[in-house]
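Inside the fold
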Amino acid sequence: MTAGSSQEQRYLRYRDRMQQIADIRYASAVLNWDEETYLPEQGASFRGRQLATLASLAHERFCDPELGRVLESLQEAEELSPLQKRNVQLSLEDYQKNRKYPSELVKALSQAASSSYHAWIQARKENDFSVYLPELERMVALKRQEAAVLGYQVHPYDALLDEHEKGMRVAVLDQVFGQLRAHLKPMLQAIAGRPQPEDAFLNRFYGRDQQWAFGLRLLKAMGFDFRKGRQDLSEHPFTTSFNPSDVRITTRIDEHDLANMIWSCIHEGGHALYEQGLPEGEYGLPCGEACSLGIHESQSRLWENCLGRSLPFWEHFYEPLQKLFPENLKSVSLNAFYGAVNRVQASLIRTEADELSYHFHVMIRYELEKDLLAGALEASELKDAWNAKYAEYLGVRVPDDKHGILQDIHWCHGSFGYFPTYSLGSLYAAQFYEAMLRAHPELHLQVQKGMLAPVLDWLRREVHPFGRFYTSQQLCENVCGEGLNAEAFLRYARTKYGALYGIRF
Ligand code: ZN
């Protein structure tokens, strides 16, 4: 037997194992999806244990020393293709990272996540941060421990960032957020001095069925393949994937808030198109997975904001929307609609923020998390620090805990280092969108006609097929000819909001 064929066989053994682990993980994903959509009330108790069993099975298989041996032996295999080599390299890194976790820490983190969640729910009910504080203190201590276990060179927060956006560092984020802060703050102040567009009509009564139908129309126009996925309703919209041929999204319908459904539908649609575009042949392997959370978010935000809140987009889609809701929209002009859905106003709640002030919501969480990890801030001081930053960055007074520090679920899950990927998503989206327009200067003429296929085609060529083959930084350089930066977003923001508010930025 030649060396080449035995390498190939070992690679196939590795692939089989990874695909089995993926089978287990995706089976969990089906159960999770079901829990959020159709699970009857009394089904929850058994669902919890079923999910826990599958999670431990997948974990055991991934930590199996036999897999480690196969991976190590494949490390030097020269006969493998670049794609195969990259899969091996990434799996080995993931494997070694996983093995670093002592089982007590894994257990403690999962227990803390579950008890944090209940304390957080209770604290929200009572509108009282102190109810959640002991749990948060425990979680922060565990995350500090986790950062130490994973290791870092400069800042403990780097270790956690790496979990969500491989290679991202505090040094880069400090610079990017610094740039955003310096330029966006005067923009927000200038906008606050201008008259605001009327947007009360968005809160009239919009029937569920028509909203649902309009959402489907948008998804079809975007190119969401309904033979390879479906949409359902849930409390919080999300996207989940079981493989590129079965991608599920959910939306939420509020009959007194039209914007809520439209942009969450486009947002999740953007995530879903990415999942449908990942290479099927790499199922279960790193190059079959999304590049990073930041790149995933870039896909949702490019559709949601760069396109879905643009004038050319609504030059086509406003008329059908008006026809569905003539009593509400007949007397609202296209320009009035466009202004209303792009209204910029500093506010308290991150998920309801406009695309400019949104970055400040993320920045605040980033700065707090960073200080918590470094020990420069304790959980007990967090509420005061939060409120002070909202006053400083957004000029708003936080009236109570529910509208302040208790608004996000992320810390209950132990997801520290996650928030920055939201801002990174917007920055990558603006960079990708600029590159797309450079390649297709005529794009807005097609978008005006409701032809969105060129957008998807471009993404399918430039971003979707690579999975984790490139890092997010490399992908950005390949596609845009430059690394991550805030310039493209700032150009986009100045042009768009300068025109909307009649200001020269
Ligand atoms: Zn998203």
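Quick note: structure is the one above.
Here's what I pulled together on the structure shown here. (Residues numbered from 1 in each chain as written. Predicted model: local features only at pLDDT ≥ 70, side-chain atom pairs only at ≥ 80, totals over all residues. Heavy atoms only, no water.)

1. With respect to the coordination of the zinc ion
Reference values for coordination geometry: four tetrahedral donors around a metal ideally subtend 109.5 degrees, six octahedral donors ideally subtend 90 or 180 degrees. Coordination of the zinc ion by the protein involves His267 (NE2), His271 (NE2) and Glu297 (OE), with metal-donor separations of 2.1 to 2.3 Å. Each donor residue of the zinc ion lies on one chain, and together they are spaced H-x3-H-x25-E. Of this pair, histidine 267 and histidine 271 both sit in helix H10 (residues 258-277), four residues apart, which is roughly one turn of that helix. (Donors = N, O, S within 2.8 Å, 3.2 Å for Na, K, Ca; no water. Helix = DSSP H or I, 4+ residues; strand = E, 2+ residues; numbered from the N terminus.)

2. Thoughts on the sheet that holds strand S1 (residues 229-233)
Read across the open sheet, the three strands follow the order S1-S3-S2; overall the sheet is mixed. The open sheet has two edge strands, S1 and strand S2 (239-243), and neither has a second partner. The average undirected angle you get between the axes of adjacent strands in this sheet is 20°. Running over the sheet, H10 touches S1, S2 and strand S3 (246-251) and is turned about 170° from S3. (Pairing = 2+ DSSP bridges. Axes fitted to C-alpha atoms, helices over the stretch in contact; angles between N-to-C directions. Contact = heavy atoms within 4.5 Å.)

3. Considering the pattern of salt bridges
Note that side chains of opposite charge can pair when their charged atoms are close. Applying the stated criterion to the full structure yields 28 salt bridges. Salt-bridge contacts for lysine 389 lead to glutamate 367; the nearest nitrogen and oxygen are separated by 2.8 Å. Remark: glutamate 367 occurs in helix H15 (residues 358-374) and lysine 389 occurs in helix H16 (residues 382-394); sequence separation between them is 22 residues. Here the two residues lysine 389 and glutamate 367 agree in accessibility, since each one is buried. Residue glutamate 434 pairs with arginine 491 through a salt bridge whose shortest N-O separation is 2.7 Å. Within this pair, whereas glutamate 434 is found in helix H18 (residues 420-439), its partner arginine 491 is found in helix H22 (residues 487-501), the two being separated by 57 residues in sequence. When salt bridges with common partners are traced through the structure, they connect Lys97, Asp162, Glu163 and Arg169 into a single cluster. (Salt bridge = Lys/Arg side-chain N within 4 Å of Asp/Glu carboxyl O. Buried < 20%, exposed > 50% of the residue type's maximum accessible area, 1.4 Å probe, protein only.)

4. Overview of the layout of surface pockets
With a probe scaled to a water molecule rolled over the atoms, the places where space remains empty come into view. If you add up the space inside the second largest pocket, you get close to 430 Å³. Of all the secondary-structure elements, those providing two or more residues to the lining of the second largest pocket are helix H12 (311-324), H18, helix H19 (443-448) and H22. Grouping the amino acids of the lining of the second largest pocket by side-chain chemistry returns eleven nonpolar, three polar and four charged. (1 Å grid on protein atoms, 1.4 Å probe; cavity = no way out; pocket = protein on both sides within 12 Å on 5 of 7 lines; lining within 4 Å. Points joined across faces, edges and corners; volume = space filled by probe spheres on them. Nonpolar A, V, L, I, M, F, W, Y, C, P; charged D, E, K, R; others polar.)

5. Thoughts on the packing of aromatic side chains
This structure, assessed with the given rule, holds 29 aromatic pairs. On the numbers, 5.7 Å between centres and 50° between planes, the contact of tyrosine 157 with tyrosine 366 is tilted. Placement of the pair is tyrosine 157 in helix H7 (residues 156-164) and tyrosine 366 in helix H15, with a sequence separation of 209 residues. Neither tyrosine 157 nor tyrosine 366 differs from the other in exposure class; each is buried. The residue whose ring lies beneath arginine 25 is phenylalanine 62, and the NZ or CZ to ring-centre distance is 5.5 Å. Taking NZ or CZ as reference, lysine 220 lies 5.8 Å from the ring centre of phenylalanine 226, over its face. (Phe/Tyr/Trp six-rings, centres within 6.5 Å; stacked < 30°, edge-to-face > 60°. Lys NZ or Arg CZ within 6 Å of the ring centre and 35° of its normal.)

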